[in-house]
Amino acid sequence: MTSSSQAAEAGADTPGPDDAGLSSTRVAKNGELAGRSPGQLMWMRFKRDRTGVISACVVLAFFLIAALAPVISWLYGKDPYTRYGELDPHLLNDNAYPMKPNGGIDGEYWFGLEPGLGRDVFTQLIYGIRTSLSLAVIVTLLSVVTAIVIGVAGGYFGGKVDYFLGRLTDLMMSFPNQLFFVAFTPVVAALLVDPRDEMPTWLRSCVLIYVMWLLGWMTLARLLRGQTLSLREREFVEAAKVAGTPPFRIVRKELLPNLVTPILVQATYMLPNNVTAIAGLSFLGVGLPEPTPDWGKMFAKGAEVYQSDITYMFFPGGAMVIFILAFNLLGDSVRDAFDPKSGR
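Quantities reported herein were computed from a predicted structural model and do not represent experimental measurements.

(A) Molecular detail of the environment of T146. Note on placement: T146 falls in helix α7 (residues 121-157). Separated by 67 residues in the primary sequence, T146 and W213 have C-alpha atoms spaced 8.7 Å apart. Other than its neighbours up to four places away in sequence, T146 contacts W213 and W217.

(B) Seen up close, the packing of α7 against helix α16 (residues 311-338). Put simply, α7 and α16 touch, their axes get as near as 11 Å, and they point 35° apart. Both α7 and α16 take part in a crossing whose hand is right-handed. Along its contact with α7, which presents V121, Q124, L125 and L133, the element α16 presents Y312, F315, P316, A319 and F323. Of the residues contributing to the contact of α7 with α16, the split by class is eight nonpolar, one polar and no charged.

(C) Spotlight on the packing of aromatic side chains. As enumerated under the stated definition, the model contains 13 aromatic pairs in all. A ring pair is formed by F111 and F122, whose centres lie 5.1 Å apart and whose planes are at 85°; its orientation type is edge-to-face. You can see F111 sitting in the loop between α6 (101-104) and α7 and its partner F122 sitting in helix α7, a full 11 residues away along the chain. Using a relative accessible area of 23% as the deciding quantity, one classes F111 as partly exposed.

(D) Examining the environment of A240 more closely. With respect to the helices and strands, the residue A240 is situated in helix α12 (residues 235-242). When residues no more than four places from it in sequence are discounted, the contact partners of A240 are T245, I250 and E254.

About the criteria used
- Residues numbered from 1 in each chain as written.
- Predicted model: local features only at pLDDT ≥ 70, side-chain atom pairs only at ≥ 80, totals over all residues.
- Heavy atoms only, no water.
- Helix = DSSP H or I, 4+ residues; strand = E, 2+ residues; numbered from the N terminus.
- Contact = heavy atoms within 4.5 Å.
- Axes fitted to C-alpha atoms, helices over the stretch in contact; angles between N-to-C directions.
- Left-handed = near helix turned anticlockwise from the far one by under 90°.
- Nonpolar A, V, L, I, M, F, W, Y, C, P; charged D, E, K, R; others polar.
- Phe/Tyr/Trp six-rings, centres within 6.5 Å; stacked < 30°, edge-to-face > 60°.
- Buried < 20%, exposed > 50% of the residue type's maximum accessible area, 1.4 Å probe, protein only.

Here you go:
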């Protein structure tokens, strides 16, 4: 009996119909033929997908902008908190709108000024990317880890364990997500914060992460449970059991390597969905408080002023559309690279 990794390495020596144009063997330095690993074949397929490569570059650019937001702000000479329109009376008119055309865009304020408070839109946008991505990445990681634990445990152990975890998953899926998000934050605020005080940013962030994680792992858990139910009947798992391998080692060495594809693909879909959900909560007024820069609050402000300053809505809207589209295309490309049959 051989494990899945051994079988994959053995099968990598023979090119299949799904790898047209890709050789599963390569010439080593000593002149001998060496088989390509499944990871190498996946990387070769992905590099041939121009859409996937471009999407990966766009996604990487967003993460770099988020990570380097303080550096960009320092080089730019502005920050997202200073009300420049109030410091300079020539920037905003009597109605608190930018006096210059196109939302006040010029060489000093690259994306213009925020109507009302006169804050710099460019730094608001890059710090908003940083805020939204930070929260979304944390929520996605927590959801993926929880889904792996519950889905794989239920699928592998079966019986009462599977029944209990399955009913827990069904219970959590019965909650209406968006309504629960909106209703839960004020409740926590009333329990933990004095009504005369505003909930601090760190606590609001923790509440958002907790609620979104609590209701964000079930779909992936069900998918992994189904995959695990199929894998546990395979020969390499049965051989590991007969050999007396502990269950934890079987899960870690035999099952998880075969679940990388659905985990990675689903994670690439979950993250942009979490970004959208965080922005939606801020738009509804239950996200991060002022003056924390956030995509959702920029949308809410743009919805108030679009009739007089449509330019302000353009930048956060365009950035979110580009990010979500690039991430979804990246997820499709990763799926096709791991499993070429899935795109047919």
